[in-house]
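# Overview (structure and organization)
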Protein chains: 2
Amino acid sequence: MVKVACRLLALVVLAGCATPPQAPIAPPRPLSEVLAASPASDWRRLDPENTLYMDLPAGRVVIELAPAFAPRVIANIKTLVRSRYFDGLAVIRSHDNYVAQWGDPDDTRPLGSAQSRIAPEWTRPFDATLRFAPLPDRDTYAEQTGFAGEFPMARTGERAWLVHCYGMVGVGRGNEPESGNGSSLYAITGGPARLLDRNITVAGRVVRGIELLSSLPRGTGPLGFYEKPGQRVPIRQVRLEADIPGAERLGLEVLRADSATFAQVVDGRRFRRDDWYKEPAGAVDVCLTLPPVRTAPK
Amino acid sequence: MVKVACRLLALVVLAGCATPPQAPIAPPRPLSEVLAASPASDWRRLDPENTLYMDLPAGRVVIELAPAFAPRVIANIKTLVRSRYFDGLAVIRSHDNYVAQWGDPDDTRPLGSAQSRIAPEWTRPFDATLRFAPLPDRDTYAEQTGFAGEFPMARTGERAWLVHCYGMVGVGRGNEPESGNGSSLYAITGGPARLLDRNITVAGRVVRGIELLSSLPRGTGPLGFYEKPGQRVPIRQVRLEADIPGAERLGLEVLRADSATFAQVVDGRRFRRDDWYKEPAGAVDVCLTLPPVRTAPK
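For every chain, the first residue of its written sequence is number 1, and the numbers climb from 1 along that sequence. All chains are assigned letters beginning at A, and all ligands numbers beginning at 1, according to the order in which they are written. In keeping with the predicted nature of the model, local features appear solely for residues at pLDDT of at least 70, side-chain atom pairs appear and are counted solely at 80 or more, and the whole-chain, interface and lining totals rest on all residues. Hydrogens are left out, water is left out, and the side-chain values use all remaining heavy atoms of the structure.

Residue and element names in this part refer to chain B. Reading across the sheet, the three strands line up as β1-β16-β17 and stay open at both edges, with antiparallel pairing between neighbours. Each edge of the sheet is formed by a strand with only one pairing partner; in this case those strands are β1 (43-45) and β17 (293-295). The sheet shows a mean angle of 35° between the axes of neighbouring strands, taken without regard to direction. By the bridge criterion, three bridges tie strand β16 (residues 252-255) to β17 in an arrangement that is antiparallel. For Glu253, the partnering residue across the bridge sits in β17 and is Arg294. Any two strands with at least two DSSP bridges between them are considered paired. The secondary structure listing takes helices from DSSP runs of H or I that are at least 4 residues long and strands from runs of E that are at least 2 residues long, numbered from the N terminus. With axes taken as lines fitted to C-alpha atoms, and helix axes fitted only over the stretch in contact, angles between N-to-C directions fall between 0 and 180 degrees.

This is the structure in structure tokens:
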């Protein structure tokens, strides 16, 4: 009896309140075609003032920073980058199905004019200043998910936070919340790490080169730290795109989460129908639908 | 107005129907302590008849097969393994944040007495023969999730299927459903790949050595296939544990999903409280809580 009542109520809620995704009438076109047909205005050029280039021996990792969520620590990260703090440091940890982390293995390099303690920015108010594009799909951890700007976001009540999806970049910290100052950062290299949400400051997203971090040999020490200095991956340099001559900039752009093209991309995943897929999922989670990034066409 | 009604209804549903997890009164003990205190009866020894050892140059990958979900293709896989079909083949694909796949790069090795076509086993009836331990947490893709035996499972209505969590092993196929015969397998090496659920047969889970697959260099060809034969990772041999002398068996066991210890493990994640975590997630998804595996104590 309880089970029946429950089902009925659940149906009422679904029908009356949430907006369950409807299957598109025509099969969606392949992603490549959808993107190729998109107007230029559906894409947003990355802001050079909020784009980091981290050069590893195997290639470049590009990170888009999210100042709408972590303005204080991002200002500190920029101070560190501009003082060349990261150059010559290393990726010190590769924890399977979790994170790759970089920073000072000895924790002795002076921070210069950067702050050593920053008030945490784990959540922020959910308000109209966020350009929020919601997803209707239900989520295990939050009342609602979607994208703020092009970053994956969750919301419960009046608080909003960035979601620890694959490729998201966070601010390492010790047990003390204020210890996350941006001098050690991590990228999520495995399944979404949602237990971290609201417990640490998320500063941005790797938009290119995440495979350089996710395919690193796993560290064999506790928490995936490399046990021998020779196992660490050296960081050649980290630079802010704004400090690089225009001709050397990559010119990346991200598909706007509030665009018609992105809506098609998401629906194409939710109701994926092609010769291979037989049974569309009918839903997507926020981490499965991160807005695509490309080099801006000439 | 609609918003208020929706919230009220949602509250009713949560309070009256689902069983929302309650925060434990005392902080959970660390996972290591919980496991150390577990009775031996909370663990299940892997069945040698359903355990594969795949030896790569870097080490051993151990796979537990799930015959309750894919009896036909697992019988075929065992036939292939026992005829040494896989020995000398290779990992041919490493697709970032998705899968590593292995099999015959040339697709020419004869299958011997194994079948070349198998009726798909993408879902199965949800019935009392499954030892199902449900999770109360809501899921994006299915009405209910939990564990069948110790495998992550989802259910909607009367159909049940294994979930594409990190480390799950599936049966590669072409566009034709019957083409998945077990001669090419893949392991999920990135975020849960839930769009694959119900579209392909899942045959088991990597219970040891997934990092050997997930940290492989990514293939640069389409879909992450290796472009040059020299990039492939050779498979030395694949054997069924039952065919190996007892002294050489690893003796792995998995924590029973219906045990009191596992309930503590899950609650310890849902309401993680230690010196580092400040804000418990209050929920977990099925892929974040796969039952731990260990070497059986002497």
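Moving on to the interface of chain A and chain B. Between chain A and chain B, the contact holds 54 residues from the first and 55 residues from the second. As a working definition, buried area equals the accessible area (1.4 Å probe) given up by two parts on being put together, with both sides summed. Where chain A abuts chain B, roughly 4600 Å² becomes buried across the two surfaces, and 57% of that area is made up of carbon and sulfur atoms. By definition here, a salt bridge exists when the distance from a side-chain nitrogen of Lys or Arg to a carboxyl oxygen of Asp or Glu is within 4 Å. Linking chain A with chain B are zero salt bridges, by the criterion used here. Any pair of nitrogen or oxygen atoms within 3.5 Å is treated as a polar contact; in protein, a donor-acceptor pairing is required on top of that, and neighbouring residues in sequence qualify only through side-chain atoms on both sides. Inspection of the chain A/chain B interface yields 26 residue pairs in polar contact (both at pLDDT 80 or more). If you tally residues by element for the side of chain A that touches chain B, the top one is helix α1 (residues 2-16) of chain A, at eight residues. Three categories are distinguished: nonpolar for Ala, Val, Leu, Ile, Met, Phe, Trp, Tyr, Cys and Pro, charged for Asp, Glu, Lys and Arg, and polar for the others, with Gly belonging to the last. Here the side of chain A that touches chain B is built from residues that sort into 27 nonpolar, ten polar and 17 charged. Note on contacts: a residue pair qualifies if any of its non-hydrogen atoms lie within 4.5 Å across the two residues.

Note on placement: A:Trp102 falls in strand β5 (residues 99-103). Taking C-alpha positions, A:Trp102 is 24 Å from A:Met153, a pair spaced 51 residues apart along the chain.

Further remarks concern the relation of the copies chain A and chain B. Least-squares superposition of the copies uses the C-alpha atoms of those residues scoring a pLDDT of at least 70 in each of them. Overlaying chain A with chain B gives an RMSD of 0.0 Å, the required rotation being 180° about an axis along which the chain moves by 0.0 Å. On the angle and the small slide along the axis, the relation comes out as a two-fold axis. A share of 100% of the interface residues of chain A reappears at the interface of chain B, consistent with the copies meeting face to face through the same patch.

Let's shift gears to the pairing of strand β3 (residues 59-65) of chain B. Residues and elements named next belong to chain B. Counting buried residues in β3 gives five out of seven residues, a clear majority hidden from the surface. Examined bridge by bridge, β3 and strand β13 (residues 202-208) share four bridges and lie antiparallel to one another. Of the residues in β13, the one forming a bridge with Leu65 is Gly204. Buried residues are those whose accessible area, probed at 1.4 Å on protein chains only, stays under 20% of the maximum for their type, while exposed residues exceed 50% and partly exposed ones sit between those limits.

Quick look at the packing of aromatic side chains now. Residues and elements named next belong to chain B. For Phe, Tyr and Trp, rings pair up if their centres lie within 6.5 Å, where Trp contributes its six-membered ring, and each pair is then called stacked (planes under 30 degrees apart), edge-to-face (over 60) or tilted (otherwise). Evaluated as defined, the whole model comprises eight aromatic pairs over all chains. Their ring planes at 85° and their centres at 5.2 Å tell us that Tyr85 and Phe86 sit as a pair that is edge-to-face. Given a relative accessible area of 4%, Tyr85 falls into the buried group. By relative accessible area, Phe86 is classed as buried at 2%. Both rings, one in Phe126 and one in Phe132, keep their centres 5.2 Å apart while their planes meet at 90°; by these two values the pair is edge-to-face.

The next point concerns the side chain of A:Asp42. Relative to the helices and strands, A:Asp42 is located in the loop between α2 (31-36) and β1 (43-45). Not counting the four nearest positions on each side in its chain, A:Asp42 is found in contact with A:Val254, A:Leu255, A:Arg256, A:Ser259, A:Ala260 and A:Thr261.

Counting across every chain of the model gives 46 salt bridges over all chains. With a closest N to O distance of 2.8 Å, A:Arg194 and A:Asp197 form a salt bridge. The exposure class assigned to A:Arg194 is buried, which follows from its relative accessible area of 6%. In this structure A:Asp197 comes out as buried when scored by relative accessible area, which is 5%. Residues B:Arg82 and B:Glu49 are paired through a salt bridge, measuring 3.5 Å at the closest nitrogen-oxygen approach. In this pair, B:Arg82 is assigned in helix α3 (residues 71-82) and B:Glu49 in the loop between β1 and β2 (51-56), connecting sequence segments 33 residues apart.

In this section: the sheet that holds strand β8 (residues 144-148) of chain B. Residue and element names in this part refer to chain B. If you trace the five strands from one edge of the open sheet to the other, you get β6-β10-β9-β8-β7, paired in antiparallel fashion. The open sheet has two free edges, formed respectively by β6 (124-125) and β7 (132-135), since each of these has just one partner strand. By the bridge criterion, two bridges tie β6 to strand β10 (residues 159-162) in an arrangement that is antiparallel. By the bridge assignment for β10, Arg124 is matched with Ala160.

Attention shifts here to the state of the cysteines. Residues and elements named next belong to chain A. In this description, the term disulfide denotes a pair of cysteine sulfurs within 2.5 Å. Within this structure, the stated rule accounts for two disulfides over all chains. Here Cys165 is linked by a disulfide to Cys287, with a sulfur-sulfur distance of 2.0 Å. Around the S-S axis, the bridge from Cys165 to Cys287 shows a dihedral of about -80° and counts as left-handed. Of this pair, Cys165 sits in the loop between β10 (159-162) and β11 (168-171) while Cys287 sits in the loop between α5 (260-270) and β17 (293-295), and the two are 122 residues apart along the sequence.

On to unusual backbone geometry. The phi dihedral of A:Asn97 is positive, around 60°, even though this residue is not glycine. Relative to the helices and strands, A:Asn97 is located in the loop between β4 (90-95) and β5. Non-glycine residue B:Asp107 carries a positive phi angle of around 60°. Tracing the sequence through the fold places B:Asp107 in the loop between β5 (99-103) and β6. Residue classification places B:Asp107 among the exposed positions, given a relative accessible area of 66%.

Another point: α5(A). Looking only at α5(A), the buried set comprises A:Thr261, A:Phe262, A:Val265, A:Val266, A:Gly268 and A:Arg270. Buried residues belonging to α5(A) abut α2, β7 (132-135), β8 (144-148) and β16 (252-255) of chain A.

A few words now on the environment of A:Leu89. Residue and element names in this part refer to chain A. Structurally, Leu89 can be placed in the loop between α3 (71-82) and β4. The exposure class of Leu89 is buried, given its relative accessible area of 4%. Separated by 17 residues in the primary sequence, Leu89 and Asp106 have C-alpha atoms spaced 9.5 Å apart.

Now for the pairing of strand β9 (residues 151-156) of chain A. All names here are of chain A. With five of its six residues buried, β9 lies for the most part within the structure. The pairing of β8 with β9 spans five bridges and is classified as antiparallel. By the bridge assignment, Ala148 is partnered in β9 with Phe151. Bridge count between β9 and β10: four bridges; the pairing is antiparallel.

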